[in-house]
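Reading the structure
The residues making up each chain are set out below.
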Amino acid sequence: MLLEHIDSPTDLKKLSLPELPQLAEEIRHFLIQKLSATGGHLAPNLGVVELTLALHYLYNSPEDKFIFDVGHQAYVHKILTGRQNRFDTLRQKDGLCGFVKRNESEHDVWEAGHSSTSLSAAMGMALARDYKGGSNKVVAIIGDGALTGGMALEALNHIGHEKRKLMVVLNDNEMSIAPNVGAIHNYLGKVRSEKIYRKAKDELEWLLRKVPAIGGKLARTAEHVKDSLRYLIAPDGMLFEEFGLKYFGPVDGHDINKLLEAFNQADNVDGPVLVHVLTVKGKGYSPAEQDSHKWHGVSGAYKIESGQVVKPVGPPMYTEVFGNALIELADRDKRIIAVTPAMPGGSGLLKFAEKYPHRMIDVGIAEQHAATMSAALAMEGMKPVFAVYSTFLQRAYDQVVHDICRQNLNVIFAIDRAGFVGADGETHQGVYDIAFLRHVPNMVLMMPKDENELRNMMKTAVEYDAGPIAVRYPRIAGTGVAFDDEMSTIEIGTWETVREGDYAAVLAIGPMVQVAEEASELLKRDGINIRVINARFVKPLDEKMLLALAKERIPLMVVEEGSVQGGLGSAILEFYALQGIQPASIQLAGVPDLFIEHASIKEQRVETGLTAEDIAKQLASLAVRKRQRAT
């Protein structure tokens, strides 16, 4: 076994070239075995085994900088840099992060949770190197899906202008999380298929190698001939050449010798280069090769032999409930159009796409474009439903403010993964959308306490015609409640009392309503009756109920699985301050001012004090203080 002797890139360099394919197979076996217990991003990493080996074999990390565009494709990098013995802890609390993590290793030089950032980072590192007079290599590894992100194209434009020495490795597997879409995808497809050009180019290079001592004018002439051939016969690399990057490829991303040859050729260019590498997502594991979408990220354990993912039995996920509700609503309303930024599966829209393919728009990794396009759809009388993860909506903030809210357009935001996300950790936590949405004029923001209320909120959103409206929901299974026979609308800005009590009142949203009820049940044993209010509208607030609570002089506690700063609790304090009202007492419970790292959602709630036991303890102290005031 070769892998057991690899603890650093230095160990890797001790191997001979013929040994590298064997090591690649051992790494694939290692990943398949380890992730069958922990879950994780299997298919992306199986696809980059040889590519990562070639980079570490040729270059000297961490002096040479490897910048992974999406950190979840860096498992092989982690294995080669001394972390294979920690893979049993992958994505677990205090264990190995599922993304690149700077405090985990000196070899992790750039942290990425969102795509399309690597080229900008590479440009910055190349500039810093040159300013300091360094000579290290800078290599950005970006996927073909991430190349659709506007930020990547902005960076390409600047890279070509500056002409700094750096290398872009385009990992082209024709897939991101979902099948790629758009003109760039089609262009790369044409590049992959131009066999006539590649055959002619190979024959020309063979002929030139037969000519002895090519140099000076003849060498330059030969290079011009190759370039002319490229433009005459095929679009091979033309787009990147026009951006100012020297193009190499396409290269078989599973042939280490060809990869090393391409990288060595690229090193001889004094300026920016792009090496176009063709890989197979899920390479080496049949279930992952056949369905790379399903195996992009596996949330839990699976059986290696059959490829069967072990799924817990229980209520449907909120995402599934959303997708089914949208189909029901679209059956009755032809204005509804679903919009997704490359997340049709993750956002629960695959069934919708099957039934209404002409009403399903996947824009690729382009959240900003998706938001502004949705604005224009709404302006023309459609009902766009922008289905997006909370963490990815951050990327379209400017468009939400200026193009949607400022023009008061009827765009529906279906914000998935709102709250804690568990193993994906800090880059994917959905804990900031309340803070960055609720203060924007014209926005309505709501969150359901259970899956039945989610259905009713979706109907409410579709029937709302007074501007943008957002429904946020978590990455968990529902509570198991029965669905109403028919979806119904909810009066905008109204809360509901789900449990009566007179010692204190908890104002909670989303999953925290159930947690608050559990806390209330714990305190009931001690004769403490806690009122639980489903504060389902973060904006507008139920001002009538807030005024009644203040008049009642009942202690309040606000509980939310989101940032305390700028959250629901902040909104309630602002309301009372503007009214000149001093409530009896008010406590805020939510996510503190720090990034919450990977762990299970249960562990993340323990870490932030958002368990039933934590809330009961704080409520008990409120009740004690009320008794003391009464006596």
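Just so you know, these numbers come straight off a predicted model, no measurement behind them.

As for unusual backbone geometry
Note the cis peptide between S61 and P62, where omega equals 5°. Within the secondary structure layout, P62 lies in the loop between α4 (49–58) and β1 (65–68). Cis peptide bonds are those with omega within 30 degrees of zero, and the linkage from G249 to P250 qualifies with -5°. Here the phi dihedral of R417 falls at roughly 55°; this positive angle occurs in a residue that is not glycine. Position of R417 relative to the elements: it lies in the loop between β9 (412–416) and α19 (433–437).

Looking at the packing of α4 against helix α5 (residues 75–83)
Packing of α4 against α5 brings their axes to within 9 Å, and their N-to-C directions diverge by 40°. Between α4 and α5, the interaxial angle falls into the category oblique. Between α4 and α5 the crossing geometry is right-handed. Contacts between α4 and α5 involve V49, T52, L53 and H56 from the first element and V76, H77, L80 and T81 from the second. Grouping the amino acids of the contact of α4 with α5 by side-chain chemistry returns 4 nonpolar, 4 polar and no charged.

As for the UniProt feature "binding site: thiamine diphosphate" (unreviewed entry) in the protein
UniProt marks H72, G113, H114, S115, G145, A146, N173, Y285 and E367 with the feature "binding site: thiamine diphosphate" (unreviewed entry), using the numbering shown here. Every residue in contact with H72, bar those within four places of it in the chain, is listed here: H41, P44, N45, G98, F99 and H296. Looking at the element boundaries, G145 is found in the loop between β2 (138–143) and α7 (150–162).

Observations regarding the pairing of strand β14 (residues 530–534)
The buried count for β14 comes to 5 of 5 residues, which makes it a mostly enclosed element. Burial of β14 is two-sided: the residues I530, V532 and N534 facing one way and the residues R531 and I533 facing the other way are all buried. Bridge count for strand β12 (residues 496–499) against β14 is 3 bridges, and the pairing is antiparallel. Bridged to R499 within β14 is V532. Pairing of strand β13 (residues 504–508) with β14, which is carried by 5 bridges, proceeds in the parallel orientation. Its bridge partner being in β14, L507 is matched across the sheet by I533. Each parallel crossover has a hand, and for β13 linked through helix α21 (residues 511–524) to β14 it is right-handed.

Considerations on the packing of aromatic side chains
Here the structure, examined in full by the defined rule, presents 15 aromatic pairs. For the ring pair Y59 and F66, a centre distance of 6.4 Å and an interplane angle of 70° mean the geometry is edge-to-face. In terms of burial, Y59 and F66 fall into one category: buried. A ring pair is formed by Y75 and F87, whose centres lie 6.0 Å apart and whose planes are at 75°; its orientation type is edge-to-face. Residue Y75 is located in helix α5, and its partner F87 is located in the loop between α5 and α6 (118–132); the two are separated by 12 residues in the primary sequence. Assigned by exposure class, Y75 and F87 land together as buried. Each residue in the set F30, Y75 and F87 is aromatic and connected to the rest through ring pairs, giving one cluster. Above the plane of the ring of Y356 lies R359, whose end atom (NZ or CZ) is 4.4 Å from the centre.

Remarks on the UniProt feature "binding site: Mg(2+)" (unreviewed entry) in the protein
Here the UniProt feature "binding site: Mg(2+)" (unreviewed entry) sits at D144 and N173. Across 30 residues of sequence, these annotated residues stay compact in space, with a maximum C-alpha separation of 7.1 Å. The residue D144 is located in the loop between β2 and α7 in this model. Position of N173 relative to the elements: it lies in the loop between β3 (166–172) and α8 (183–193). Here N173 falls in the buried class, since its relative accessible area comes to 15%. Apart from the residues within four sequence positions on either side, N173 is in contact with D144, T279 and K281.

Basis of the calculations
- Residues numbered from 1 in each chain as written.
- Predicted model: local features only at pLDDT ≥ 70, side-chain atom pairs only at ≥ 80, totals over all residues.
- Heavy atoms only, no water.
- Helix = DSSP H or I, 4+ residues; strand = E, 2+ residues; numbered from the N terminus.
- Axes fitted to C-alpha atoms, helices over the stretch in contact; angles between N-to-C directions.
- Parallel < 35°, antiparallel > 145°, perpendicular 65-115°, else oblique.
- Left-handed = near helix turned anticlockwise from the far one by under 90°.
- Contact = heavy atoms within 4.5 Å.
- Nonpolar A, V, L, I, M, F, W, Y, C, P; charged D, E, K, R; others polar.
- UniProt positions renumbered as here; feature names shortened; annotations may be inferred.
- Buried < 20%, exposed > 50% of the residue type's maximum accessible area, 1.4 Å probe, protein only.
- Pairing = 2+ DSSP bridges.
- Right-handed = clockwise from strand over helix to strand, strands pointing away.
- Phe/Tyr/Trp six-rings, centres within 6.5 Å; stacked < 30°, edge-to-face > 60°.
- Lys NZ or Arg CZ within 6 Å of the ring centre and 35° of its normal.

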